[in-house]
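# Inside the fold
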Amino acid sequence: MSGPDNTPETTDQNPLSPEVIERHVAAALTSIESAGDLEQLKAARLEHAAERSPLALANRSIGELPGKEKAVAGKLVGQARGQVNKALGARQAVLEAERDERILIEETLDLTTARTRRAVGRRHPLTLTAERMTDALIAIGWEVAEGPGVEAEWLNFDALNFDKDHPARQMQDTFFVEPAKAGLVLRTHTSPGQARSLLERGAPLYVAVPGKTYRTDELDATHTPVFHQVEGLAIDKGLTMAHLKGTLDRLAESLFGAGVTSRLRPAFFPFTEPSAEVDLVCFVCRGDDTSCRTCGGTGWIEWGGCGMVNRNVLKAAGVDPDEYQGFAFGMGVERTAMFRHGIADMREMIEGDVRFNEQFGMEI
Ligand code: PHE
């Protein structure tokens with residue numbers, strides 16, 4: 001026995017007989033049911049429900065029938081087509097749901113997959129601190145100048161009014177660069193930046209000179225042979241110590257917060273006259289705690305050196321000291337970072353342990 005869809009249609013059979021129509025329906029339903037995807041279903045629709053399908057053709061031939069037969073055949077074919085369309089719709093819904101589900105699975109993003117992005121580096125707290133210090137001076141209109149780490153002995157000492165056999169040359173514990181006759185040292189402070197920038201840029205001049213500095217110190221909690229300073233130099237007509245004091249207070253407040261001001265204590269540097277050490281109001285106790293461990297109960301913490309630029313320094317840099325005067329200061333960046341962040345041991349800042357540096361995150 002052959003299946004209904006395999007049975008060849010015989011020409012003598014009436015194309016509108018219930019058996020023939022039923023066979024068309026059965027063939028359509030089989031092909032619809034066996035459609036495995038929407039493409040195959042589309043082909044089944046074309047074959048069994050489109051304009052040239054057997055049922056559509058049968059429907060068209062109804063018009064030629066006499067009145068009574070027309071009604072019977074119309075009902076028969078109408079129901080048949082309705083059945084096929086319903087099956088098509090149902091299969092369509094099933095196949096669309098399957099497709100949507102497959103897309104959801106195939107296009108899923110695995111958010112747990114290993115990332116290929118490299119960790120972003122962070123800038124060192126000393127870099128950030130030096131930048132903060134120079135930024136505070138840029139904010140009041142100063143320029144930035146930089147000089148070399150290997151510096152001419154003449155700029156590091158002679159131009160700054162150090163005598164040839166001034167004890168300060170030894171006091172500074174200098175690294176001399178060989179051969180000795182080259183006259184080079186690793187700069188012991190950023191002060192050669194004073195003479196350099198005056199020679200290069202002339203007066204009037206307002207510059208900040210950040211840089212790396214070197215002295216033959218043993219590494220311990222408060223000393224390191226390689227450290228950093230930010231120098232400040234202001235040369236203009238009629239500058240006084242009041243301008244120096246005002247600038248230092250402004251710098252201190254912008255770094256440590258409102259109310260952290262400075263005081264000056266008499267001191268000696270060959271390149272400034274008068275000279276002073278700069279102390280800061282203790283940023284922990286603000287002078288209110290005689291047992292404060294940060295300032296030892298004095299209420300003040302030493303921050304750097306300063307003074308009015310010595311006439312001899314101006315002369316060495318080709319500036320007329322009767323026309324221009326000014327002030328200079330030099331602050332340790334390590335000290336400033338320790339004050340700002342409560343770092344107790346200087347060695348932590350230079351050992352390069354990323355766990356230390358990471359704590360500072362990235363500042364912009
Ligand atoms: N250069 C001095 C030091 O390193 C600091 C200083 C700078 C003092 C400018 C006076 C003026 O100790």
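The structure displayed is predicted, hence computed values, not measured ones. (Residues numbered from 1 in each chain as written. Predicted model: local features only at pLDDT ≥ 70, side-chain atom pairs only at ≥ 80, totals over all residues. Heavy atoms only, no water.)

### Brief notes about the domain arrangement of the protein chain
The domains assigned to the protein chain are domain 1 (11-104) and domain 2 (125-360). Centre-to-centre separation of domain 1 and domain 2, based on C-alpha positions: 95 Å. (Domains from an automatic or database assignment.)

### Let's talk about the packing of helix α1 (residues 18-33) against helix α4 (residues 67-106)
The N-to-C vectors of α1 and α4 enclose an angle of 5°; their axes lie 10 Å apart at closest approach. When the axes of α1 and α4 are compared, the pair comes out roughly parallel. Between α1 and α4, the contacting residues are P18, I21, V25, A28, L29, I32 and E33 on the first element and L76, V77, A80, Q83, V84, A87, L88 and R91 on the second. The residue makeup of the contact of α1 with α4, split by class, is 12 nonpolar, one polar and two charged. (Axes fitted to C-alpha atoms, helices over the stretch in contact; angles between N-to-C directions. Helix = DSSP H or I, 4+ residues; strand = E, 2+ residues; numbered from the N terminus. Parallel < 35°, antiparallel > 145°, perpendicular 65-115°, else oblique. Contact = heavy atoms within 4.5 Å. Nonpolar A, V, L, I, M, F, W, Y, C, P; charged D, E, K, R; others polar.)

### Some remarks on helix α5 (residues 125-138)
Compared with the 20 Å implied by 1.5 Å per residue over 14 residues, the 20 Å span of α5 between its first and last C-alpha is a close match. Every buried residue of α5 is listed here: P125, L126, L128, T129, A130, M133, T134, A136 and L137. (Expected span 1.5 Å × (residues − 1). Buried < 20%, exposed > 50% of the residue type's maximum accessible area, 1.4 Å probe, protein only.)

### Section: the site of the ligand
By nearness alone, 14 residues border the ligand, and H189, S191, R215, Q229 and E231 come closest of all. Between an oxygen atom of the ligand and a side-chain N or O atom of R215, the distance comes to 2.9 Å. The separation between an oxygen atom of the ligand and a polar side-chain atom of Q229 is 3.0 Å. For the ligand, the accessible surface in isolation is 330 Å², of which the surrounding protein chains cover 91%. In this structure, the ligand is accommodated by the largest pocket. Sorting elements by how many residues they give to the shell around the ligand places strand β10 (residues 325-332) first, with three residues. Taken together, the residues of the shell around the ligand sort by class into five nonpolar, seven polar and two charged. (Near = heavy atom within 4 Å. Polar contact = N/O pair within 3.5 Å; in protein donor to acceptor, adjacent residues only side chain to side chain. Areas by Shrake-Rupley, 256 points an atom, 1.4 Å probe, with all protein chains shown as cover. 1 Å grid on protein atoms, 1.4 Å probe; cavity = no way out; pocket = protein on both sides within 12 Å on 5 of 7 lines; lining within 4 Å. Sits in = over half its atoms within 2 Å of the grid points.)

### Overview of the nonpolar core
The biggest cluster of nonpolar side chains holds 40 residues, and the ones touching the most others in it are F256, W303, F327, F329 and M349. Of all the elements, helix α9 (residues 241-256) adds the most residues to this core, at six residues. (Core = buried A, V, L, I, M, F, W, Y, C linked by side-chain atoms within 4.5 Å.)

### Section: the packing of α1 against helix α2 (residues 38-48)
The geometry of α1 relative to α2 is characterised by a closest axis approach of 9 Å and an angle of 170° between their N-to-C directions. Between α1 and α2, the angle falls in the class roughly antiparallel. Residue-level contacts link A27, A28, S31 and I32 of α1 to L41, A44 and H48 of α2. Partitioning the contact of α1 with α2 into residue classes produces five nonpolar, two polar and no charged.

### As for the sheet that holds strand β5 (residues 205-214)
Taken in spatial order, the seven strands of this open sheet run β1-β5-β6-β10-β9-β8-β7, and their pairing is mixed. Two strands lie at the open edges of the sheet, namely β1 (143-144) and β7 (262-269), each paired on one side alone. Packed on one face of the sheet, helix α8 (residues 192-201) meets β1, β5, β6 (226-236), β9 (300-309) and β10 and runs near 140° to β5. (Pairing = 2+ DSSP bridges.)

### Some points on the packing of aromatic side chains
Within this structure, the stated rule accounts for nine aromatic pairs. Each ring, one from F157 and one from F162, has its centre 5.0 Å from the other, and the planes form 75°; the classification is edge-to-face. Residue F162 is classed as buried on the basis of its relative accessible area, which comes to 4%. When the ring of F256 is compared with that of W303, the centres are 5.5 Å apart and the planes differ by 75°; the resulting orientation is edge-to-face. Here the residue F256 occupies a position in helix α9, and W303 occupies one in strand β9, the gap between them amounting to 47 residues. A single burial state applies to F256 and to W303, both of which are buried. Grouping aromatic residues by their ring pairs yields a cluster made of W142, Y206, F327 and F329. (Phe/Tyr/Trp six-rings, centres within 6.5 Å; stacked < 30°, edge-to-face > 60°.)

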